[in-house]
Amino acid sequence: MSERKKRILLVIGGGIAAYKCLELIRRARERGYAVRAVMTKAAAEFVTPLSVGALTGDRVFQDLFSLDDEREIGHIQLSREADMIVVAPATADLMAKMAGGHADDLATAVLLATDKPVLVAPAMNPYMWRHPATQRNAATLLADGVALIGPNVGEMAERNEAGPGRMAEPHEILAAIEARLAPAPTGLLAPPPLITPPAAGLPLAGRHVIVTSGPTHEPIDPVRYIANRSSGKQGHAIAAAAAALGARVTLVSGPTGQPDPRGVDVIRIEAARDMLAAVKAALPADCAIFAAAVADWRVASASDEKIKKDGKSSAPRLELIENPDILKTIAHEGPGRRPSLVIGFAAETENVLTHAQRKRKSKGCDWIVANDVSPETGIMGGDRNTVHLVTADGVEDWPEMDKGAVAEALMARAAAHLRTMTADV
Ligand code: CTP
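Remember, it's a predicted structure, so these values are computed and weren't measured experimentally. (Residues numbered from 1 in each chain as written. Predicted model: local features only at pLDDT ≥ 70, side-chain atom pairs only at ≥ 80, totals over all residues.)

Points about the site of the ligand
Note the threshold: Working rule for contacts: place C-beta from the backbone, and if it is within 6 Å of a molecule or strand, that residue counts as near it. Helix numbering and strand numbering both begin at the N terminus, where a helix is a DSSP run of H or I of at least 4 residues and a strand a DSSP run of E of at least 2. Polar here means any residue outside two lists: the nonpolar Ala, Val, Leu, Ile, Met, Phe, Trp, Tyr, Cys and Pro, and the charged Asp, Glu, Lys and Arg; Gly therefore counts as polar.
Among the 15 residues in the neighbourhood of the ligand, the closest are listed as Phe-290, Val-294, Ile-326, Leu-327 and Gly-344. Going through the elements one at a time, α13 (326-331) and β17 (341-348) are the ones with two or more residues in the shell around the ligand. With four residues, the top contributor of residues to the shell around the ligand is β17. Considered class by class, the residues forming the shell around the ligand number nine nonpolar, three polar and three charged.

Concerning the domain arrangement of the protein chain
For the record, the criterion: The split of the chain into domains comes from an automatic or database domain assignment. Whether two residues are in contact is decided by their C-beta atoms, placed from the backbone, lying within 7 Å.
Assigned domains of the protein chain: these are domain 1 (7-181) and domain 2 (208-304 + 317-424). The gap between the C-alpha centroids of domain 1 and domain 2 is 35 Å. Tallying the contact residues gives 11 residues for domain 1 and 11 residues for domain 2. Taken together, the elements giving at least two residues each to the side of domain 1 that touches domain 2 come down to α9 (132-143) and β6 (147-148). Considering only residue class, the side of domain 1 that touches domain 2 consists of eight nonpolar, two polar and one charged.

Structural notes on the environment of Arg-80
Put simply, the rule is: The exposure label follows from counting other C-beta atoms within 10 Å of a residue's C-beta, where the C-beta atoms are placed from the backbone and the thresholds are 20 or more for buried and 12 or fewer for exposed, leaving partly exposed in between.
Residue position: Arg-80 is located in helix α5 (residues 75-81). Overall, the presence of 14 C-beta atoms within 10 Å leaves Arg-80 in the partly exposed class. For the pair formed by Arg-80 and Gln-234, sequence separation is 154 residues and the distance between their alpha carbons is 38 Å.

Concerning unusual backbone geometry
Geometrically, the link from Ala-88 to Pro-89 is a cis peptide bond, its omega value of -5° lying close to zero. Along the chain, the position of Pro-89 falls in strand β4 (residues 84-90). With an omega dihedral of 5°, the bond running from Gly-150 to Pro-151 counts as a cis peptide bond. As for its position among the elements, Pro-151 is in the loop between β6 and β7 (152-155). A positive phi angle is found at Asn-351, which is not glycine, with a value near 40°. With respect to the element layout, Asn-351 can be found in the loop between β17 and α14 (352-363).

Quick notes on the packing of helix α6 (residues 92-100) against α9
Condition: Only C-alpha atoms enter the line fits that serve as axes; for helices the fit covers just the stretch in contact. Angles between N-to-C directions range over 0 to 180 degrees. Oblique is the label for any angle not covered by the other classes, which are roughly parallel (under 35 degrees), roughly antiparallel (over 145) and roughly perpendicular (65 to 115). Should the near helix be turned counterclockwise from the far one by less than a right angle, the crossing is left-handed, whereas a clockwise turn marks it as right-handed.
Contact geometry for α6 and α9: axes closest at 9 Å, N-to-C directions at 50°. As summarised for this structure, α6 and α9 are arranged oblique, according to the angle between their axes. α9 is crossed by α6, and the crossing has left-handed handedness. Side by side, α6 and α9 meet where Ala-92, Met-95, Ala-96, Met-98 and Ala-99 of the first sit next to Ala-133, Thr-134, Asn-137, Ala-138, Thr-140 and Leu-141 of the second. Among the residues forming the contact of α6 with α9, the class breakdown is eight nonpolar, three polar and no charged.

Printed below as a string of structure tokens:
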């Protein structure tokens, strides 16, 4: 039925998790994929090229400067003939080299020369994964259109070490490969477009980006209000990331303890209706990101005076009415007013992806950044976030990152998307 086997080029990095690659190769071949392996020098310290070659049924490629290799099959051909490149385990060092565009050995040269989808399975110590340098590199790779799977949370090879850093299991990696290589009927995990760097200047130079952030405070009377636990960390980080990429940024924020991001125009509001008015006043914009946790309801008629007990026997009854939906309103603005890229957030405590996909349609936005805000995740108010990017093409699962790295990856993706939209016109 199918004319030829799909080809996976497996780049094996030097980590203890390299042994899991043997299982990955075996399973991939069972599923009908042809697998070729490139090993870094360090990888050969953990698993022998002999074992890898026995399982791939092919020679194993190791050396950029091997005359034989280059004559028979050069690094360009190696990367071009593959349908997909999988990097597993991806060490912190290998990720740094990829993010920096290095090409000083066969593995990195192949990765730089490819025009095929790349899937990276990080594996490292939790401290290394959480280090800002690795988080920056992960964000850069995501922004470059590379897919990441894992790392999973769990026990490390080192004793008494636990946290995010375990390589995803072979069956999980295989599922991610299949989702990308098979024509996915659900449209899930369609490979992200390859992103080309901007010709000149910063990627968002000349763009106007509006960001909402923080909670809203809905007054009950002059001293009391209804609020929620949003810290504004994610929204403020997005505004900072957009500014760092050269955008003119208007940040419309509810009350938060966050410092104003540098170079950002901050408009402070309290209630949802003021937030909507401020966002409308800031239009037009190229991109709008709605990270605020807007209160869904407000008190129907807030009292102008402090509500007193005055010896009354019963507590006052508050009648609530629905607030305007700011994201939905802006997503339905007419031509010239609607930003080209409208991004919402979906804060869910259950069935995260189902709710998020439904929300993308019902709100009329282009992308939804979905996250699980159940109390046990620690996301609300915390510094880290695990998000899924829901677009018309499908769902991308991003690894756990700090909120700054999520913001950088999201804005870099937005910049690339805006660029392709402009190029299309
Ligand atoms: N949002 C908004 N205005 C509102 C409510 C939500 O702009 N009145 C935006 C949020 O900023 C977020 C998205 O809509 O980008 C989804 O918010 P969320 O609280 O997850 O969804 P709700 O629409 O409030 O739906 P529900 O609470 O039923 O999940």
